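In case you want the letters, here they are:
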Amino acid sequence: VVKGNGRNNFRFFETSMNAATLRTISIQQGLRAGMEHDQFFLHYQPKFDCSGASIVGAEALLRWRHPELGLISPAEFIPVAEKSGQILALGQWVLEQVCREMRAWQDAGRSVAPIAVNLSQIQLRSPGLVEDILATKRRHGIAPDLLMFEITESAAMENADETRKTVDRLKAAGFALAIDDFGTGYSSLSHLQEFGVQQMKVDRAFIRTLAEENPQARSIVTAIIRLAHALEMEVVAEGVETPEQLRLLQELQCDQTQGYLLGRPMSGDDFSRLLNPDVTASTAFPTVAALPA
Ligand code: C2E
Ligand code: MG
Ligand code: MG
Ligand code: MG
């Protein structure tokens, strides 16, 4: 039994700690072990051109299979990792893993498409970020046009001056950038213009209500697409789930779509097979260890 420093500390602790707090603590304490014991893996969700006919890339989405808690959503563990600072190690693992998988696909003679990596605001503020990214892609021999980075609107705006410096350095190194979850934060239009990033991803909240019989939702999405195009940005619609939404987005001249309708997040091997439909089971993807020396 844990003893408190003072008389009633333990009892106070016991009664005030609810299940949610305990879960957060076990997530925080499990992050390091999770990295050491390969409990993390990536899913890739394809991005399509607006006709829905061709894949233009994918987004890497982090997954954690916790030994006791099962599959935990990044929406739950990323904020915990941000608070504890472990997001820096986790973010580096994601980058490393994306480069490793792309390297293996290329070595197996497969075609690849640009992969977008989500960056946390903590990573954005970390002084070593750009050097780490450059060293990682160099180590794996990945061309800069095969990697892009997504920064949420709220993270970008919260610290606009610092964001701009990092964005400039990433652009100078040849990487494309996207503003993620657009419409949920408070954008300064002048900052948005200054960043000069290539893509704007319209938050799922605006796509969810997009329907023929909802003129207001259509007007909002129309306005966002016009704004993006006025800033010379490509527009990606997130969370496209119905054929009607896809059709409306085509009408509104949206450039790319992502969502359960056309492609759910999937394993790297499934994504690579989607890009390389002629790869048969007999030429099954070799594991890195099985590749010739
Ligand atoms: P996000 O970057 O905005 O990613 C989109 C999220 O929407 C993903 O959730 C994806 O699975 C989900 N989604 C995609 N299409 C649909 C759809 O049609 N309907 C619905 N209902 N959902 C859809 P996920 O994978 O749970 O990730 C949640 C968030 O966690 C991400 O939002 C991103 O902010 C963060 N995240 C994920 N991986 C990473 C990472 O490697 N690093 C960082 N810093 N954040 C990450
Ligand atoms: Mg994203
Ligand atoms: Mg998003
Ligand atoms: Mg999001």
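Residue positions are counted from 1 within each chain, in the order its sequence is given. Chains carry letters from A onward and ligands carry numbers from 1 onward, assigned in written order. Totals for whole chains, interfaces and linings use every residue, but because this is a predicted model, local features are given only for residues with pLDDT of at least 70 and side-chain atom pairs only at 80 or more, for both listing and counting. Note that water and hydrogens are dropped before the side-chain values are worked out from all heavy atoms of the structure.

Draft legend 1. Summary view of the overall build of the protein chain. Starting at the N terminus, helices and strands are each numbered in turn, a helix being any DSSP run of H or I of at least four residues and a strand any DSSP run of E of at least two. On a plain count of helices and strands, the protein chain comes out with 13 helices and 9 strands. In this description, contact between two residues means that some pair of their heavy atoms is separated by no more than 4.5 Å. Sequence separation of at least 24 residues holds for 68% of the intrachain contacts in the protein chain that already meet a minimum separation of 6. Under the convention used here, a 1.4 Å probe and the Shrake-Rupley method define accessible areas, while residue burial counts only the protein chains that appear. Carbon together with sulfur atoms contributes 53% to the accessible area of the protein chain, which is approximately 15200 Å² in total.

Draft legend 2. Spatial organisation of helix α2 (residues 19–36). Every helix has an expected span of 1.5 Å times one less than the residues it contains. Taking 1.5 Å per residue as the helical rise, α2 with its 18 residues ought to reach 26 Å, and the 26 Å between its terminal C-alpha atoms agrees with that figure. The sharpest bend along α2 measures roughly 40 degrees and falls at Gly30. Listed as buried for α2 are Ile27, Gly30, Leu31 and Gly34. The elements touched by buried residues of α2 are β1 (40–49), β2 (55–66), β3 (70–72), α3 (74–84) and α4 (87–107). Bend at a given residue is defined as the angle between two axes, one fitted to the seven residues that end at that position and one fitted to the seven that begin there. Note on exposure labels: buried denotes an accessible area under 20% of the residue type's maximum, exposed denotes more than 50%, and partly exposed covers the range between, all computed with a 1.4 Å probe on protein chains only.

Draft legend 3. Looking closely at the coordination of the magnesium ion (ligand 2). Around the magnesium ion (ligand 2), the protein supplies Glu59 (OE), Asn118 (OD1), Glu150 (OE) and Asp180 (OD) as donor atoms, at distances of 2.1 to 2.3 Å. Coordinating donors are taken as N, O and S atoms within 2.8 Å of the metal, stretched to 3.2 Å for Na, K and Ca; because water is absent from the atoms, sites can appear incomplete. One chain supplies every donor to the magnesium ion (ligand 2), and in sequence these donors are spaced E-x58-N-x31-E-x29-D. A separation of 4.0 Å is found between the magnesium ion (ligand 2) and the magnesium ion (ligand 3), which share Asp180 as a coordinating residue. Of this pair, Asn118 sits in strand β4 (residues 115–119) while Glu150 sits in strand β5 (residues 147–152), and the two are 32 residues apart along the sequence.

Draft legend 4. Region of interest: the state of the cysteines. Two cysteine sulfur atoms make up a disulfide if the distance between them is within 2.5 Å. If you walk through the whole model with that rule in mind, you get 0 disulfides. Just so you know, Cys50 is unpaired, no disulfide at all, and the nearest cysteine sulfur is the one on Cys254, 4.3 Å from it.

Draft legend 5. Just the coordination of the magnesium ion (ligand 3), in detail. Surrounding the magnesium ion (ligand 3) are the protein donor atoms Asp180 (OD), Asp181 (OD), Glu238 (OE) and Glu238 (OE), which sit 1.9 to 2.8 Å from the metal. Mapped onto the sequence, the donors of the magnesium ion (ligand 3) take the spacing D-D-x56-E. With a relative accessible area of 24%, Asp181 lands in the partly exposed category.

Draft legend 6. Quick look at the packing of α2 against α3. Two elements in contact, α2 and α3, have axes whose closest approach is 10 Å; the angle formed by their N-to-C orientations is 70 degrees. Relative to α3, the element α2 lies roughly perpendicular. Every pair of crossing elements has a handedness; the one defined by α2 and α3 is right-handed. Within the contact between the two elements, α2 uses Arg23, Thr24, Ile27, Gln28 and Leu31 and α3 uses Glu76, Phe77, Val80, Ala81 and Ser84. Residues belonging to the contact of α2 with α3 are distributed by class as follows: 5 nonpolar, 3 polar and 2 charged. Here the axes come from fitting lines to C-alpha atoms, over the contacting stretch only for helices, and the angles between their N-to-C directions go from 0 to 180 degrees. Should an angle fall under 35 degrees it is taken as roughly parallel, and over 145 as roughly antiparallel, whereas 65 to 115 is taken as roughly perpendicular and any remaining angle as oblique. Working rule for handedness: look at the near helix, and if it is turned counterclockwise from the far one by less than a right angle, call the crossing left-handed; if clockwise, right-handed. Amino acids outside the nonpolar list (Ala, Val, Leu, Ile, Met, Phe, Trp, Tyr, Cys, Pro) and the charged list (Asp, Glu, Lys, Arg) are all regarded as polar, and Gly is one of them.

Draft legend 7. Local environment of the environment of Leu274. Topologically, Leu274 is positioned in helix α13 (residues 268–275). By relative accessible area, which is 41% here, Leu274 ends up partly exposed. C-alpha of Leu274 to C-alpha of Ala230: the two residues are 44 residues apart in sequence and 33 Å apart in space. In this structure, Leu274 is in contact with Pro46, Ile55 and Met266, ignoring residues within four places of it in sequence.

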